[in-house]
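# Examination of the molecular architecture
Next come the chains, spelled out residue by residue.
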Amino acid sequence: EFIGKNAFISCASMKKLTFQEGSNLQEIGEQAFLWNEVLESVELPEGLKAIGDSAFFNCTALESVTIPDSVKSIGEKAFDVQMGSESKLENINYTGTEEQWNELMENTKGSNTVLKDESITVNCACTVTFEDNEHHTATPAQKVQKGNKASKPTDPTAKGYKFVGWVDADGM
């Protein structure tokens, strides 16, 4: 549920950080991955609520980070690098909407110059909805990262009707 302060400080063998599906991780403590200069990608688990101060500070090889929409707090300098060093972070994949990302950035504590750098691509999720004509059970909406495609939903069924195919917004 918690990764403590300095847990993986200066770890020289961790290039990729991922968590098992269903992880119970709630919080990453301050400086947990501080000075991990070989860490290239981080995929944080759904359910994570907080990232501590300087949690990934000076992870200079870090190129991409996936942040779930469950994160409500990012500590000061969580992904920043020391003065004179250069960040390689190019992509942030955020599982929430652009509005949620903007709200998270407004609530982010102190200086987080890397996260707020406009040259970094922040890929937010879009919600894809499927309209029904109220003759069948509703088809659930899907959350899809920008640039990806929604999965084909299960074809709806309704007594007395034959489903003949999906139509997109352009009528195709």
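Read on for an overview of the structure.

Cut-offs and rules
Residues numbered from 1 in each chain as written. Predicted model: local features only at pLDDT ≥ 70, side-chain atom pairs only at ≥ 80, totals over all residues. Heavy atoms only, no water. Helix = DSSP H or I, 4+ residues; strand = E, 2+ residues; numbered from the N terminus. Buried < 20%, exposed > 50% of the residue type's maximum accessible area, 1.4 Å probe, protein only. Contact = heavy atoms within 4.5 Å. Areas by Shrake-Rupley, 256 points an atom, 1.4 Å probe, with all protein chains shown as cover. Core = buried A, V, L, I, M, F, W, Y, C linked by side-chain atoms within 4.5 Å. Salt bridge = Lys/Arg side-chain N within 4 Å of Asp/Glu carboxyl O. Arc of directions from axis to C-beta. Disulfide = S-S within 2.5 Å.

## Structural notes on the overall build of the protein chain
Within the protein chain one finds one helix and eleven strands. Ordered by position from the N terminus, the helices and strands of the protein chain form the series β-β-β-β-β-β-β-β-α-β-β-β. Structurally, the protein chain occupies a C-alpha span of about 65 × 30 × 30 Å along its principal axes. Taken over 172 residues, the protein chain has a buried fraction of 38%. If you take every contact in the protein chain between residues at least 6 apart in sequence, the share linking residues at least 24 apart comes to 52%. Of the roughly 10700 Å² of accessible surface on the protein chain, 46% is carried by carbon and sulfur atoms.

## Some words on the nonpolar core
Within the largest apolar cluster, 33 residues are counted, with the highest numbers of intra-cluster contacts made by Ile28, Ile51, Phe56, Ile67, Ile74, Phe79 and Trp101. At the level of secondary structure, the elements contributing two or more residues to this core comprise strand E6 (64-67), strand E8 (91-94) and helix H1 (98-107). Broken down by element, this core gets its largest block of residues, three residues, from H1. Beyond its immediate stretch of four places on either side in the chain, phenylalanine 79 contacts Ile51, Phe56, Leu62, Val65, Ile67, Asn112, Val114 and Leu115.

## Focus on the pattern of salt bridges
On inspection of all chains with the given rule, the structure shows three salt bridges. For lysine 5, the salt bridge is made with glutamate 30, and the minimal N-O distance between the two is 3.6 Å. Of this pair, lysine 5 sits in the loop between strand E1 (2-3) and strand E2 (16-17) while glutamate 30 sits in the loop between strand E3 (27-28) and strand E4 (41-43), and the two are 25 residues apart along the sequence. Exposure remark for lysine 5: the relative accessible area of 51% places this residue in the exposed category.

## As for H1
Taken as a whole, H1 has its buried residues at Trp101, Leu104 and Met105. Along H1, the residues classed as buried sweep out an arc of 100° about the axis, all on the same side. The exposed residues of H1 that point more than 90 degrees off its buried face are Glu99, Glu106 and Asn107. Contacts made by the buried residues of H1 are with E6, strand E7 (73-74), E8 and strand E9 (121-123).

## Quick notes on unusual backbone geometry
Glycine aside, the phi torsion of most residues is negative, and most peptide linkages are trans. Residues other than glycine seldom take positive phi values, yet serine 10 does so here, at roughly 55°. Tracing the sequence through the fold places serine 10 in the loop between E1 and E2. Residue serine 54 is not a glycine yet carries a positive backbone phi of 55°. Relative to the assigned elements, serine 54 resides in the loop between strand E5 (50-51) and E6. With a relative accessible area of 15%, serine 54 lands in the buried category.

## Considerations on the state of the cysteines
Scanning the model with the defined rule gives zero disulfides in all. Between cysteine 11, a cysteine without a disulfide, and cysteine 59, which holds the nearest cysteine sulfur, the sulfur-to-sulfur distance is 9.9 Å. Its relative accessible area of 18% is what places cysteine 11 among the buried residues. The exposure class of cysteine 59 is buried, given its relative accessible area of 4%.

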